[in-house]
Amino acid sequence: MNPEKLIAIAREVQQNSYSPYSGFKVGAALLTSKGNVYTGVNVENASYGLTICAERAAITAAVAAGEKNFSSMTVVGDHKGYTYPCGACLQVMAEFSPDMRVNVTDGENHLQEYLLRDLLPQLFSLGNQEV
Ligand code: THU
């Protein structure tokens, strides 16, 4: 699936973001190795720390559907600059697919593609085993 299609899917789901506290809507489109796409949005809460990021929402949806091998995560945000996944989301992606790609976009849908390993070179794993 091409990057533009994944951006379009993320933009569509972004509208469903529940973000009354930050006012910052995030959408994520997670492409699996089987070619399926799972989406997520950020879901905020009056108890701020309970906020769930869009990327982790997409991952939990994929895992619930039985998929744990991911090809790419495409993220769209709400400002002019590029929206990068936070460190917590990178760590959760790395749990399943440390060699996946991360596609970030700016407010005009310009795309920058990264390897997750380049954004989180020293990820945590139990026992320092290779992941
Ligand atoms: N947010 C995400 O959904 N993904 C990220 O990787 C970074 C931040 C959300 C959390 C919060 O609802 C809003 O963006 C502002 O931080």
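Reference entry: report on the structure contained in this document.

About the thresholds
- Residues numbered from 1 in each chain as written.
- Predicted model: local features only at pLDDT ≥ 70, side-chain atom pairs only at ≥ 80, totals over all residues.
- Heavy atoms only, no water.
- Phe/Tyr/Trp six-rings, centres within 6.5 Å; stacked < 30°, edge-to-face > 60°.
- Helix = DSSP H or I, 4+ residues; strand = E, 2+ residues; numbered from the N terminus.
- Near = heavy atom within 4 Å.
- Polar contact = N/O pair within 3.5 Å; in protein donor to acceptor, adjacent residues only side chain to side chain.
- Areas by Shrake-Rupley, 256 points an atom, 1.4 Å probe, with all protein chains shown as cover.
- Nonpolar A, V, L, I, M, F, W, Y, C, P; charged D, E, K, R; others polar.

Enumeration according to the criterion identifies 3 aromatic pairs in this entry. Between Tyr21 and Tyr48 the ring centres are 5.4 Å apart and the planes differ by 40 degrees, which places this aromatic pair in the tilted class. One end of the pair, Tyr21, is in the loop between α1 (3-14) and β1 (27-32); the other, Tyr48, is in the loop between β2 (37-41) and α2 (54-64), and 27 residues separate them in sequence. Arranged with centres 5.9 Å apart and planes meeting at 65 degrees, the rings of Phe70 and Phe96 form a pair that is edge-to-face. In this pair, Phe70 is assigned in strand β3 (residues 70-76) and Phe96 in helix α3 (residues 87-96), connecting sequence segments 26 residues apart.

Bringing the site of the ligand into the picture now. Near the ligand the following residues occur: Ser22, Phe24, Val26, Asn42, Glu44, Thr51, Cys53, Ala54, Glu55, Tyr84, Pro85 and Cys86. The separation between an oxygen atom of the ligand and a polar side-chain atom of Glu44 is 2.4 Å. In isolation the ligand has 370 Å² of accessible area, and contact with the protein removes 78% of it. Each residue belonging to the shell around the ligand can be placed in one class, and the counts come to 7 nonpolar, 3 polar and 2 charged.

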